[in-house]
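If you want the building blocks of each chain, they are given just below.
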Amino acid sequence: MAILRKTMEIFNSLQDLKTSLELNDWGKRNILKIVPFRKKILMWRMKRCINKLESSQFYHNFRHQVNTPTISGHFSKFLGSDSKAQMVIYGIGNIELEEISRLQLSLAMLMKKDFGWIELVEVFDPVISKTESQVMKTLGCSVLSINEHGRREAMKPTIFFMPHCEIHLYNNLMETNWELSLLRNLVILGNSFEEYRKRPPFIVILENNQPFAPVYGDNFKKFWKGRPYFSIAMEHVMSAEKFTNEFRIDDSTYFAAFAFSSWHFFNPCSETELVINYSYDD
Ligand SMILES: C[S@@+](CC[C@H](N)C(=O)[O-])C[C@H]1O[C@@H](n2cnc3c(N)ncnc32)[C@H](O)[C@@H]1O
């Protein structure tokens, strides 16, 4: 048994190396063949990860928090008369390369199994490979082929699981749903908005028009001094404070996968709460 385990470990690390070489080669990404063996290995790793997370203290605390009267009350309001909700996952990353991404997808799979009212799980990340996409489908997810840039209208109750996404993606989602009725259909499990308000990020738009990851305060000034940059919209995230109920999840274990993550429920009562009151000032 120990020899088998060791052999699998060596095989996995070789597999990681092979995968990272292939996936880092952007030109070849789309013509990569899906090796059935690679899919089997990834499936096996996902199942192992789901089991590990399910029996962890993290998941125990997570479930406990969701079942507290306050949070379950927010979920009841969110579901309203609908008995089912759907889940959209943006920004999961590469589950073949990153244990963090496997843990995050595992959490989504456990929520679907244990909550009982999530009927559809849709996933999109521009970096998802064909092998990863096949494994996600086998796990019961629907993998989107169109980049919505986070601009999904929540016509029905939808949990958006956006682990460690960049702020512009949260902002696109909030802006698209900036109406009383739509915001109530939205729950976001992702980076803490409260943390963003405490430390507003600087965003740089690179020459290829891609927003660069947030760089904070002094680091930003040192790193980007003298180089052109633009701030990008984050005013909807910042202006949602009045009607957001945020609950941090316990990230004391599996910190890298779930650090600074919160549940966000939105309950605006009147149009006046939707007035944008944030302007970015560098
Ligand atoms: C900071 S990484 C987070 C990856 C992983 N979840 C983690 O915690 O390490 C942000 C992710 O968002 C993805 N992303 C960028 N634009 C996106 C879009 N329009 N829709 C969905 N995901 C997007 C990126 O490809 C990247 O994998």
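Look a little higher up for the structure.
Residues numbered from 1 in each chain as written. Predicted model: local features only at pLDDT ≥ 70, side-chain atom pairs only at ≥ 80, totals over all residues. Heavy atoms only, no water.

## Details of the site of the ligand
Near the ligand you find 15 residues, and of these G91, Q104, D125, N147 and H164 are the closest. Within the backbone of G91, an N or O atom sits 2.8 Å from a nitrogen atom of the ligand. The contact in question runs from an oxygen atom of the ligand to an N or O atom on the side chain of H164, over 2.8 Å. Against a free-state accessible area of 590 Å², the protein chains account for coverage of 76% of the ligand. Taken together, the residues of the shell around the ligand sort by class into 8 nonpolar, 6 polar and 1 charged. (Near = heavy atom within 4 Å. Polar contact = N/O pair within 3.5 Å; in protein donor to acceptor, adjacent residues only side chain to side chain. Areas by Shrake-Rupley, 256 points an atom, 1.4 Å probe, with all protein chains shown as cover. Nonpolar A, V, L, I, M, F, W, Y, C, P; charged D, E, K, R; others polar.)

## Points about the environment of Y90
Inspection of the secondary structure assignment puts Y90 in strand β1 (residues 85–90). Overall, the relative accessible area of 3% leaves Y90 in the buried class. Spatially, the C-alpha atom of Y90 lies 8.7 Å from that of L169, the residues being 79 residues apart in sequence. Setting aside its immediate chain neighbours within four residues, Y90 contacts F124, E148, G150, R151, R152, F160, F161, M162, P163, C165 and L169. Side-chain polar atoms of Y90 contact the side chain of E148, separated by 2.4 Å. (Helix = DSSP H or I, 4+ residues; strand = E, 2+ residues; numbered from the N terminus. Buried < 20%, exposed > 50% of the residue type's maximum accessible area, 1.4 Å probe, protein only. Contact = heavy atoms within 4.5 Å.)

## Some remarks on unusual backbone geometry
Backbone geometry places H164, a non-glycine residue, at a positive phi of 60 degrees. Note that H164 resides in the loop between β4 (158–162) and α7 (167–176).

## Concerning the sheet that holds strand β5 (residues 186–191)
Spatially, 7 strands are ordered β3-β2-β1-β4-β5-β9-β8 in an open sheet, and the strand pairing comes out mixed. Two strands bound the open sheet, and with one partner strand each, they are β3 (142–143) and β8 (244–248). As defined by bridge partners, β8 adjoins strand β9 (residues 261–266) across 5 bridges and the pair is classed as antiparallel. Note on β9: the bridge partner recorded for E246 is H264. In the packing of helix α3 (residues 57–66) onto the sheet, the strands contacted are β5, β8 and β9, and the crossing angle to β9 comes to about 15 degrees. (Pairing = 2+ DSSP bridges. Axes fitted to C-alpha atoms, helices over the stretch in contact; angles between N-to-C directions.)

## Concerning helix α2 (residues 36–54)
For α2, with 19 residues, the first-to-last C-alpha span of 27 Å sits near the 27 Å given by 1.5 Å per residue. Every buried residue belonging to α2 is among R38, I41, L42, M43, R45, M46, C49, I50 and L53, and all of these are buried. (Expected span 1.5 Å × (residues − 1).)

## Some points on the packing of aromatic side chains
Counted according to the given criterion, the structure contains 21 aromatic pairs. Look at F75 and F78: their rings are 6.2 Å apart centre to centre, the planes differ by 70 degrees, and that puts the pair in the edge-to-face class. Taken as a pair, F75 and F78 lie in helix α4 (residues 69–79) at a separation of 3 residues, close to a single helical turn. When its relative accessible area of 5% is taken as the criterion, F78 is described as buried. Three or more aromatic residues joined by ring pairs make a cluster, and in this case those are F58, Y59, F62, F75, F78, F115, W117, F247, Y254, F258, W263 and F265. (Phe/Tyr/Trp six-rings, centres within 6.5 Å; stacked < 30°, edge-to-face > 60°.)

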